[in-house]
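# Chain and residue survey
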Amino acid sequence: VGVMSNFDVLRAQWVPILVGLVGSTLVCLVATACLMHKLPHPNPDEGRANQP
Amino acid sequence: VKLNDFTVWNGLVRSPAFGITVTVASYLAGRAIQKVFRGSSLANPVLIAILLVAGFLNITGTSYQTYYESTQLLSFLLGPATVAFAIPLIKNIEHVKGRLWRILLALTAGSLLSAVAGVGLVLMCGGSRAVAFSMAPKAVTTPIAINIAQAAGGIPSLSAALAITGGILVAISINWIFNLAGIRDARTYGFAAGTAGSGIGAAHALSFCELAGAFGALAVGINGLVTPLIVLTLAHIWPV
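Residues numbered from 1 in each chain as written. Chains lettered and ligands numbered in written order. Predicted model: local features only at pLDDT ≥ 70, side-chain atom pairs only at ≥ 80, totals over all residues. Heavy atoms only, no water.

## Here's the deal with the overall build of chain B
Helix and strand counts for chain B come out as 12 helices and zero strands. In summary, chain B has a C-alpha radius of gyration of 19 Å against a globular reference of 18 Å for 240 residues, a match within 12%. Relative to its full complement of 240 residues, chain B shows a buried share of 48%. Within chain B, residue pairs in contact and separated by at least 24 positions form 66% of the contacts whose partners lie at least 6 positions apart. As displayed, chain B offers around 11,200 Å² of accessible surface, 71% of which is attributable to carbon and sulfur atoms. In chain B, which carries 13 positive and 5 negative side-chain charges, the distance between the mean positions of the two groups comes to 7 Å. (Helix = DSSP H or I, 4+ residues; strand = E, 2+ residues; numbered from the N terminus. Rg over C-alpha atoms; globule rule 2.2 N^0.38 Å. Buried < 20%, exposed > 50% of the residue type's maximum accessible area, 1.4 Å probe, protein only. Contact = heavy atoms within 4.5 Å. Areas by Shrake-Rupley, 256 points an atom, 1.4 Å probe, with all protein chains shown as cover. Lys, Arg positive; Asp, Glu negative; His and termini not counted. Charge placed at Lys NZ, Arg CZ, Asp CG, Glu CD.)

Here it is in structure tokens:
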């Protein structure tokens, strides 16, 4: 809801904010997931019991 | 409408009961709407609650400052709620043992990429330094993001909004990304959600299973230590 107090900044710089938000979030998500997935685990099948 | 009506209303909106009732009721409505859409990630309850509260404040002509002041108790509870993530982590601590270096490596890479990509993309698209350094700490939990933004020359309230929006984006997109990548590991799911989406991401992971929630909580905790170092170093490299 705090976005309401930043309408001026959002209106003036919505493109950099949107690109930065989506880009950096997805880069972080994919990089962390790939590294955690690729690095060897002591018991690879352990986490599959409760897979999402 | 009588003047007294306004007086009563003005008194009501300044009481903590107003902010808490509006916020909790909006969140519960968000949960109910998500159930209607069969738990779809697109119907994120936090996002729905934000839209409902913003709409309510707009319709009633209540300023954000008044709402903010009446929700101080909820803002205070954000800290203990983050600490409460330690409970699933303690229950699943045996899953962390023997993996600590992998966890630290994955988190540092994710956190570094989040901050660098955030600053880089904002500046490349013509954004200001203040906006870039409001974006940089958005992967950490909101109270920490506010403090980092303040120290790095960002806009604290914008950073808080971006941290929450980033968490919602993670909750909405993570299932799609994991299905696309064919990753089916609860630990990876939770850890990536917590690293990229902080508290909202970890809470989303916890809604799937406790193990994912535990790794989400671990990511939120370690990220709170790593991200300040990265963002403040970037701010030092890129002075005002």
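## Regarding the overall build of chain A
Within chain A, the regular secondary structure consists of two helices and zero strands. For chain A, the accessible surface area stands at approximately 2,800 Å², while carbon and sulfur atoms represent 64% of it.

## Quick look at the packing of aromatic side chains
Residues and elements named next belong to chain B. For the coordinates displayed, the defined rule picks out five aromatic pairs over all chains. Ring plane angle 40 degrees and centroid distance 6.0 Å describe the contact between Phe18 and Phe56, whose orientation is recorded as tilted. Highlighted residues: Phe18 in helix H2 (residues 16-36) and Phe56 in helix H3 (residues 45-60), separated in sequence by 38 residues. Relative to Phe208, the ring of Tyr189 lies with its centre 5.1 Å away and its plane at 85 degrees, an arrangement referred to as edge-to-face. You can see Tyr189 sitting in helix H11 (residues 186-206) and its partner Phe208 sitting in the loop between H11 and helix H12 (210-237), a full 19 residues away along the chain. (Phe/Tyr/Trp six-rings, centres within 6.5 Å; stacked < 30°, edge-to-face > 60°.)

## Here's the deal with the nonpolar core
Core analysis: the largest hydrophobic core is formed by 54 residues, its most contacted members being Ile103, Phe133, Phe178 and Phe191 of chain B. The leading source of residues in this core is H12 of chain B, at 13 residues. (Core = buried A, V, L, I, M, F, W, Y, C linked by side-chain atoms within 4.5 Å.)

## Considerations on a nonpolar patch on the surface
Together, Trp14, Val15, Leu18, Val19 and Val22 of chain A make up an exposed nonpolar region whose accessible area comes to about 420 Å². Here Val19 of chain A falls in the partly exposed class, since its relative accessible area comes to 33%. (Patch = residues over 30% accessible without salt bridge, like charges linked within 9 Å, V, L, I, M, F, W, Y side chains within 5 Å. Salt bridge = Lys/Arg side-chain N within 4 Å of Asp/Glu carboxyl O.)

## Comments concerning the pattern of salt bridges
All names here are of chain B. With the rule as written, the count across this model stands at three salt bridges over all chains. The salt bridge involving Lys91 is made with Glu210; its shortest N-O contact spans 3.6 Å. Of the two residues, Lys91 is situated in helix H6 (residues 86-91) and Glu210 in helix H12; the sequence distance between them amounts to 119 residues. As a salt-bridge pair, Arg187 and Asp185 come within 2.7 Å of each other at their nearest N and O atoms. With respect to burial, Arg187 and Asp185 carry one shared label: buried.

## Some points on the state of the cysteines
Taken as a whole, this structure holds zero disulfides over all chains when the rule is applied. Of the cysteine sulfurs around Cys34 of chain A, a residue in no disulfide, the closest is that of Cys28 of chain A, at 12 Å. Left unpaired, Cys125 of chain B is separated from the closest cysteine sulfur, that of Cys28 of chain A, by 18 Å. (Disulfide = S-S within 2.5 Å.)

## Some words on the environment of Ile177 of chain B
Along the chain, the position of Ile177 of chain B falls in helix H10 (residues 156-181). Look at Ile177 of chain B and you get buried, because its relative accessible area is 13%. Those residues in contact with Ile177 of chain B, other than ones at most four positions away along the chain, are Leu26, Leu29 and Val30 of chain A.

## Focus: the confidence of the model for chain B
All names here are of chain B. Overall, the prediction assigns chain B a mean pLDDT of 88, with 97% of residues at 70 or greater. Helix H1 (residues 3-13) is the least confidently modelled element of chain B, averaging 68 in pLDDT, while helix H8 (residues 129-135) averages 95, the highest of any element. Reported confidences for the modelled complex are a pTM of 0.81 and an ipTM of 0.80. (pLDDT = per-residue confidence, 0-100.)

## Thoughts on the interface of chain B and chain A
On the side of chain A, 41 residues touch chain B, which itself brings 58 residues to the contact. Across the contact surface, chain B and chain A share three residue pairs in polar contact (both at pLDDT 80 or more). Residue assignment for the side of chain B that touches chain A shows that the elements contributing at least two residues are H3, helix H4 (64-70), helix H7 (100-124), H8, H10, H11 and H12 of chain B. The element that contributes the greatest number of residues to the side of chain B that touches chain A is H7 of chain B, accounting for 13 residues. Classifying every residue of the side of chain B that touches chain A by side-chain character gives 38 nonpolar, 14 polar and six charged. (Polar contact = N/O pair within 3.5 Å; in protein donor to acceptor, adjacent residues only side chain to side chain. Nonpolar A, V, L, I, M, F, W, Y, C, P; charged D, E, K, R; others polar.)

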